[in-house]
Amino acid sequence: MSSSINIPCVSVLKGVGAAMQIKLERLGIENLQDLLFHLPIRYQDRTSLRNIGTLRIGDEALVEVSVSLTEIKFGKKKTLLCRVSDGTGSLTLRFFHFSASQKNTLSKGKKLRCFGEVRPGPNGLEMVHPEYKALDEEIDTPVEQSLTPVYPMTEGLQQNRVRSLMAQALLWLESGELPELLPEHLRKRWQLPELHRSLVFLHAPSPQADRELMLNGMHPAQRRLAFEELLAHHLTLLHLRKKIQAQGGFRFNQPAQLSQQFLQNLAFTLTGAQQRVSAEIAADLAKPQPMLRLVQGDVGSGKTVVAALAALQAVENNYQAAIMAPTEILAEQHYSCFKAWFEPLNIKVGMLTGKIKGKKREQQLKDYANGDVQVIVGTHALFQEEVRFYNLGLAVIDEQHRFGVHQRLSLREKGRDGERSPHQLIMTATPIPRTLTMSAYADLDCSVIDELPPGRTPVKTVVIPDDKRDKVIDRVKLACEQKRQVYWVCTLIEESEALQCQAAEVTAEQLKQQLPELKIGLIHGRMKSAEKVAIMAKFKGTSDQPAELDLLVATTVIEVGVDVPNASVMIIENPERLGLAQLHQLRGRVGRGSIESFCLLMYRAPLSYSGKQRLQIMRDSNDGFVIAEKDLEIRGPGEVLGTRQTGEMQFKIADLQRDADLLERVQELAQQVSQDSVLSEAVTRRWLGAGEQYGHV
Ligand code: ADP
Ligand code: MG
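Reference entry: report on the structure contained in this document. Note that residues are indexed from 1 along each chain, following the sequence as it is written. Chain A is the first chain written and ligand 1 is the first ligand written, with later ones labelled in order. Confidence filtering applies because this is a predicted model: local features only for residues at pLDDT of at least 70, side-chain atom pairs given and counted only at 80 or more, and all residues used for totals across whole chains, interfaces and linings. Hydrogens are left out, water is left out, and the side-chain values use all remaining heavy atoms of the structure.

**Notes on the nonpolar core**
Across soluble globular proteins, nonpolar side chains show a tendency to be buried alongside one another.
Now for step 1: Put simply, buried Ala, Val, Leu, Ile, Met, Phe, Trp, Tyr and Cys residues joined by side-chain atoms within 4.5 Å make one nonpolar core. Partly exposed describes any residue whose relative accessible area lies between the buried limit of under 20% and the exposed limit of over 50%, with all areas from a 1.4 Å probe on protein chains only and scaled to the type maximum. In terms of nonpolar packing, the biggest core is built from 84 residues, with L36, L199, L225 and W687 touching the most fellow members.
Now for step 2: Top contributing element to this core by residue count: helix α8 (residues 220-247), with ten residues.
Now for step 3: Listed in part, the 44 residues of the second largest apolar core include F250, V305, A325 and V349. Numbering of helices and strands starts at the N terminus; helices are DSSP runs of H or I of at least 4 residues and strands are runs of E of at least 2.

**A closer look at unusual backbone geometry**
Now for step 1: A605 connects to P606 through a cis peptide bond whose omega is -5°.
Now for step 2: Along the polypeptide, P606 turns up in the loop between β21 (598-603) and α20 (609-620).
Now for step 3: One non-glycine residue, Q191, lies in positive phi territory at about 55°.
Now for step 4: Mapped onto the secondary structure, Q191 falls in the loop between α5 (184-189) and α6 (195-203).
Now for step 5: Residue classification places Q191 among the exposed residues on the basis of a relative accessible area of 67%.
Now for step 6: For N318, which is not a glycine, the phi torsion comes out positive at approximately 65°.
Now for step 7: Residue N318 is classed as exposed on the basis of its relative accessible area of 62%.

**Considerations on the sheet that holds strand β12 (residues 375-378)**
Now for step 1: The strand order across the open sheet built from seven strands is β11-β12-β10-β13-β14-β9-β15, with neighbouring strands paired in parallel fashion. At either end of the open sheet lies a strand with only one pairing partner, and these are β11 (349-352) and β15 (445-449). On average, each strand axis in the sheet is inclined to that of its neighbour by 20°, with strand direction left out of account.
Now for step 2: In terms of strand pairing, strand β10 (residues 320-324) meets β12 through four bridges, oriented parallel. Bridged to A322 within β12 is I376.
Now for step 3: It only takes one pair of heavy atoms within 4.5 Å for two residues to be counted as in contact. Axis lines are fitted through C-alpha atoms, for helices just across the contact stretch, and the angle between N-to-C directions can take any value from 0 to 180 degrees. Relative to β15, helix α10 (residues 272-285) is tilted by about 155°, and along the sheet it contacts β9 (292-297), β13 (392-397), β14 (423-427) and β15. Strands qualify as paired when DSSP identifies two bridges or more between them.

**With respect to the pattern of salt bridges**
Now for step 1: Salt bridge, as used here: a side-chain nitrogen of Lys or Arg that lies within 4 Å of a carboxyl oxygen of Asp or Glu. Throughout the structure, instances matching the rule amount to 27 salt bridges.
Now for step 2: Between R46 and E131 there is a salt bridge, and its shortest N-O distance comes to 2.9 Å. Of the two residues, R46 sits in the loop between β1 (42-44) and β2 (60-74) while E131 sits in strand β7 (residues 131-134), which places them 85 residues apart along the sequence.
Now for step 3: R46 gets classed as buried once you look at its relative accessible area, which sits at 10%.

**As for the packing of aromatic side chains**
Two aromatic rings, taken as a pair, are described by how far apart their centres are and by the angle between their planes.
Now for step 1: The criterion for an aromatic pair is that two Phe, Tyr or Trp rings (for Trp, the six-membered ring) have centres within 6.5 Å, with stacked assigned to planes under 30 degrees apart, edge-to-face to planes over 60 apart and tilted to the rest. Per the stated rule, a full pass over the model turns up ten aromatic pairs.
Now for step 2: Aromatic ring contacts, followed pair by pair, group F262, F338, W341 and F342 into a single cluster.
Now for step 3: Remark: a charge is flagged as sitting over a ring if the NZ atom of Lys or the CZ atom of Arg is within 6 Å of the ring centre and within 35 degrees of the ring normal. Sitting over the face of the ring of F96, K77 holds its NZ or CZ atom 4.8 Å from the ring centroid.
Now for step 4: Sitting above the plane of the F598 ring, R475 keeps its charged end 4.7 Å from the centroid.

**A look at the site of ligand 1**
Now for step 1: What makes a residue near a molecule or strand is one non-hydrogen atom of that residue sitting within 4 Å of it. If you check the shell around ligand 1, you find 16 residues, and the closest are Q274, G300, T304, R456 and D563.
Now for step 2: At 2.8 Å from a nitrogen atom of ligand 1 is found a side-chain nitrogen or oxygen belonging to Q274.
Now for step 3: In the model, an oxygen atom of ligand 1 is placed 2.7 Å from a nitrogen or oxygen of the R456 side chain.
Now for step 4: To measure how exposed things are, a 1.4 Å probe is used in the Shrake-Rupley method; for residues, cover is taken only from the protein chains shown. Considering ligand 1 on its own, with 570 Å² of exposed area, one finds that the protein chains cover 83% of that surface.
Now for step 5: All residues other than Ala, Val, Leu, Ile, Met, Phe, Trp, Tyr, Cys, Pro, Asp, Glu, Lys and Arg, Gly among them, are scored as polar; the first ten of these are nonpolar and the last four charged. Of the residues contributing to the shell around ligand 1, the split by class is four nonpolar, seven polar and five charged. Here a polar contact means two N or O atoms within 3.5 Å. Within protein one must be a hydrogen donor candidate and the other an acceptor candidate, and residues neighboring in sequence count only if both atoms are side-chain atoms.

Okay, here's the thing in structure tokens:
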């Protein structure tokens, strides 16, 4: 199975000159293999004629019609309108670009065959710029025999051109030069058709093909290619992992005296799950290769203390540890937590965020560089150019969810210290659905803290319409009289942070008037970080100063990680606007003490059917793992991973949800194939191209 065959450049094809070659390059297509792996994004069904009378908006349909009227409309934009009918109904064809001769072709009485998408128009249904062909009455023109592939496009490249190039590439494929990369016995066992047949099938579906399966992406030929694509992505991540591990790392001795002391000083004992995961981490740290581990645990499962134990092991071995948080508030919180835990053990803890400037910053940087500070907490400011560590042995990234795949990999790169890579511990804010850990996080080992500390009372969630606001306010008052603290969370459409902050300001003012006896604070994303930190401190209080605020009006900035055990009531306005994982994360801010906690989801009525269902899931479940799966079902992987905008993890044919059942096998095969670097490279080159892969390590 060799991958070193010479695959001809696209320039061998008829119709590919210099200009076309450039266009194809823009699609990542350099040779015939690239072209053949430029897979259809979907199919059009032109195999049967539809009656206009049966068409619905959004349908893509082939119709046979006769022209009843064609006219040019002179408005803001000159348009050619052509009224057509087929005896079951009529339709307008609308053209914004047209030639004089076109008007003649479309003269009254002419017979046409049109294909296009049905849209609503001022005078009933329309097709805008349909493909059409004038029919000769004498000759019987057959319809297409099979589904028509539709390709991802680039500017100036028409579907028909791609189809005709593909036809030539398929001829070359017949010559049998493109190697099958999946081992035959596995293909047989898993009933995956072979490569050639699958490719031919996708680009030129046979008339006998099961249309339903094809249109849903469930045909065996499609599944086989999806399988190989998932394998390619998996291999890339395994490859990155191997590369890092090959660099070698720092071998730490097992936890010793400091850790003992730390555990003795701790106000609680670790849960069984915390102990198990800590032991997994300790074993990783004792190996000569860098650890690459993901720790998942539900909100409040106690991930921080697990990170602290890992940091201690680094310190015991005379190495530094860095903990990176996604926000300043969280960095601040970790800092005070780690300081309280570590300073009694004579370990120096430092903090670096964007807001620490001037002399103080300089001093911090000096202390990190000469090793005077052993544990460093910060935001992503930690991984800026100017930051030098003395000997970074462990990098902890908390609440990983906020960082995309690329960002995660580039952080890894920056955390590197010379030749060797520090150990890496990545902690997620909320559980990640299994299919996503098996794909997007395939480069990491995974530990799960599947147990909450004892004595937690599950949060009681109530779904309530916002016309009951007065009742909600009474409830808040009652809670505060009982010396509980309350979060009031304002949400708005996420794109508009400014509006969200404004809403929070208005709400805070209203609540101050409605609840004059309460001390009400406000926190939102547009405040300076020092202000935010100060407000959080007032809400939380310290060991020698009780909390000053009863109620905190907040935007979703408090979403992640904030820990105020006495806060036991949370109101979330317009929860229907947030994803389930985000709601769960927010709700996790309460229910941290032993008193019964409440979360009131105050929606704006009326709620859509799916909105109602989503809030019901929140009401019925407190289990982050269950909620994560539902969230994935509802929003899809792009949203859940936070990669929709960046275009990461976009597959040509695979679909993480539809093809989830393939992932086990992909994982199994990837482990085998990754031993064979030639084969492994052939697979990834085929699917991900030569240059653009995840990160460059
Ligand atoms: P998360 O997993 O959401 O990051 P934290 O690490 O912030 O959770 O822990 C939440 C709270 O639970 C903190 O107040 C922490 O001190 C406390 N906690 C952690 N582990 C235990 C335990 N084993 N027993 C009791 N309380 C614990
Ligand atoms: Mg946390």
